[in-house]
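# Structural characterization, general
Here is how the chains run, residue by residue.
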Amino acid sequence: MKNSSEIFSSKKTIKVFGIGGAGCNMLSRIAASGAPEIGTVALNTDAASLDQTIAAEKLCLGLGLTHGMGAGGDPELGRSAVESDVERLKEMCVGIDIVFILAGLGGGTGTAASQVLAKAAKDSGALVLGIVTMPFEFEGGRRHRQAQFGLQQLRVSTDAVIALPNEKVFRLVDDKTTVMDAFKVVNEFLVQSVFGIARLLTQTGLINVDFSDLRAVTSQLDVESTFAAAEGTGENRAQEVIEKLFAHPMLDNGEVLANSESLLVSLVGGTDLTMAEVNRVMKEIKGRCENARITFGATIDEVFAERLHISLVVSGKAQTSAKVFVTAKARGTSPNPFGEPDTQFMDSSETSRPASRIFAPVPEMTDEKKESLFSKQAGSRPRKVGSRLRQKELQLEIISKGRFEKSEPTIHQGEDLDLPTYLRRGIALN
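Model, not experiment: these values are computed from the prediction.

Attention now moves to the overall build of the chain. The helix and strand tally for the chain stands at 16 helices and 12 strands. Split into buried and exposed, the 430 residues of the chain put 47% on the buried side. Excluding contacts between residues fewer than 6 apart, the proportion of contacts in the chain whose partners are at least 24 apart in sequence is 76%. Surface exposure of the chain reaches about 22,000 Å², of which carbon and sulfur atoms provide 51%.

Encoded structure:
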């Protein structure tokens, strides 16, 4: 880890919030770096986990609701918990220039609480950047749907979001890496992302890059963004930084660059940085992404003498997110797996589902129509329809499903299996 004096050279105030279990784990690594320019705040509904987090400030969310026992993977409960403390969060953001939000999406606290915190931070006048992780594939469809919806809502509530799929962890480790070491690697990568982006935003460059440039690259709702950084030293630093950058596991051997739509590139070097080195690095990057829009920045810093550092933010189409939302739209249901958001704290354009999925009964048929129908089916002359075919409608009361009222329907081959078979198929009961 670089000395904090190398990372920041401005007086902009920065505060990093870690939300939920995953967010607090990331935050502990940042707090342990000892950078005094960064304020750290840990937020969780799990009091025991919060006690293990390293942070300058801590807040157990929604004690009156969860009693410090966590949200149990329920984003609706997580959102209710953070809303009960929203005024406290606004106070924590007053006077802060840049707010980073670290969270793991897919569970209860991080998924929903990050959206409310982002809105509170923006209301306090801060620029808000989210850095989040997405679930592993083996964590199941429901967790993925919750994460995708949470990511969409976070993009609405923040100025920019960078999402790291946990599945890419396997590219950062080998087969013998333990689970604990794997997550240490992920946390270290995310810490580098925070420091790299913070330096990009706070240092005044020779060719300046500001927050609006970062937002232009990451703010579209249908893109996925990733971060990569590399550094070279000595006479061959330009070649070294190129090789390290293209070998970075987050860039998938250059495939991410090839499919990218926009890039933000920031170079930092000492007073000995030459124009030939800048041209060489940028020419190599341009060659990997001919059709992408590139935003370039360069900073001269004396502490980087004989060194060349590059930070790269890459954005491209989000295939997974699009698939989830198109599927939900096609089957006529809301993509929101945990109920409609409170518009007081977040803005959503999604249409809500009807409160009940009970269809209207099949229209009554006259005796003449029934007689005609049966005669056509039997292929014989009409027969008189007996009284046994008369069906009366029972006046049954529809009971509320309570907290399951907003749960997703069980769809199979286009049919809602939560409805009785006779209703789905229009069968008349004798």
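This part takes up the packing of aromatic side chains. Summed over all chains, the structure comprises one aromatic pair. Ring geometry for F136 against F138: centres 4.9 Å apart, planes inclined by 10°, an arrangement best described as stacked. In this structure F136 comes out as buried when scored by relative accessible area, which is 9%. Look at F138 and you get exposed, because its relative accessible area is 64%. Lying across the ring of F304, R307 places its NZ or CZ 4.3 Å from the centre.

Attention shifts here to the side chain of T66. If you trace the backbone, T66 turns up in helix α4 (residues 63-66). When sequence neighbours within four positions are dropped, the list of residues in contact with T66 reads T45, L61, L77 and A81.

Here we take up the state of the cysteines. The full count for this structure, using the stated rule, is zero disulfides. Free cysteine C24: the closest other cysteine sulfur is in C60, separated by 10.0 Å. The class for C24 is buried, based on a relative accessible area of 1%.

The next subject is the nonpolar core. The biggest cluster of nonpolar side chains holds 40 residues, and the ones touching the most others in it are V16, I30, F100, L129, I131, I197 and L214. Counting only elements with at least two residues in this core, the list comes to β1 (14-19), α2 (20-32), β2 (38-44), β4 (98-104), β5 (127-134), β6 (160-165), α9 (179-202) and α10 (211-218). Top contributing element to this core by residue count: α9, with 11 residues. The contact partners of F100, leaving out residues within four places of it in the chain, are I14, K15, V16, F17, L129, I131, V194, I197 and A198.

A few words on empty space enclosed by the protein. Evaluated as defined, the whole model comprises two cavities of 30 Å³ or more. The computed volume of the largest cavity comes to approximately 60 Å³. Surrounding the largest cavity, R199, L200, Q203, G205, I207, N208, V209, S266, V268, G297, A298 and T299 form its lining. Grouping the constituent residues of the lining of the largest cavity by class yields five nonpolar, six polar and one charged. Estimates place the volume of the second largest cavity at around 40 Å³. Lining the second largest cavity are I131, V132, I162, A163, L164, F189, L190, S193, S225, T226 and F227. Every element with two or more residues in the lining of the second largest cavity is listed here: β5, β6, α9 and β7 (223-233). Broken down by class, the residue content of the lining of the second largest cavity amounts to eight nonpolar, three polar and no charged.

Running from N to C, helix α5 (residues 75-83) and helix α7 (residues 109-123) point in directions that differ by 40°, and their axes come no closer than 7 Å. On the basis of the axis angle, α5 is oblique to α7. Considering the relative orientation of α5 and α7, their crossing is right-handed. Residues P75, G78, R79, V82 and E83 of α5 touch α7, and the partners they reach there are T109, A112, A113 and V116. Per-class residue counts for the contact of α5 with α7 are five nonpolar, two polar and two charged.

About the cut-offs
- Residues numbered from 1 in each chain as written.
- Predicted model: local features only at pLDDT ≥ 70, side-chain atom pairs only at ≥ 80, totals over all residues.
- Heavy atoms only, no water.
- Helix = DSSP H or I, 4+ residues; strand = E, 2+ residues; numbered from the N terminus.
- Buried < 20%, exposed > 50% of the residue type's maximum accessible area, 1.4 Å probe, protein only.
- Contact = heavy atoms within 4.5 Å.
- Areas by Shrake-Rupley, 256 points an atom, 1.4 Å probe, with all protein chains shown as cover.
- Phe/Tyr/Trp six-rings, centres within 6.5 Å; stacked < 30°, edge-to-face > 60°.
- Lys NZ or Arg CZ within 6 Å of the ring centre and 35° of its normal.
- Disulfide = S-S within 2.5 Å.
- Core = buried A, V, L, I, M, F, W, Y, C linked by side-chain atoms within 4.5 Å.
- 1 Å grid on protein atoms, 1.4 Å probe; cavity = no way out; pocket = protein on both sides within 12 Å on 5 of 7 lines; lining within 4 Å.
- Points joined across faces, edges and corners; volume = space filled by probe spheres on them.
- Nonpolar A, V, L, I, M, F, W, Y, C, P; charged D, E, K, R; others polar.
- Axes fitted to C-alpha atoms, helices over the stretch in contact; angles between N-to-C directions.
- Parallel < 35°, antiparallel > 145°, perpendicular 65-115°, else oblique.
- Left-handed = near helix turned anticlockwise from the far one by under 90°.

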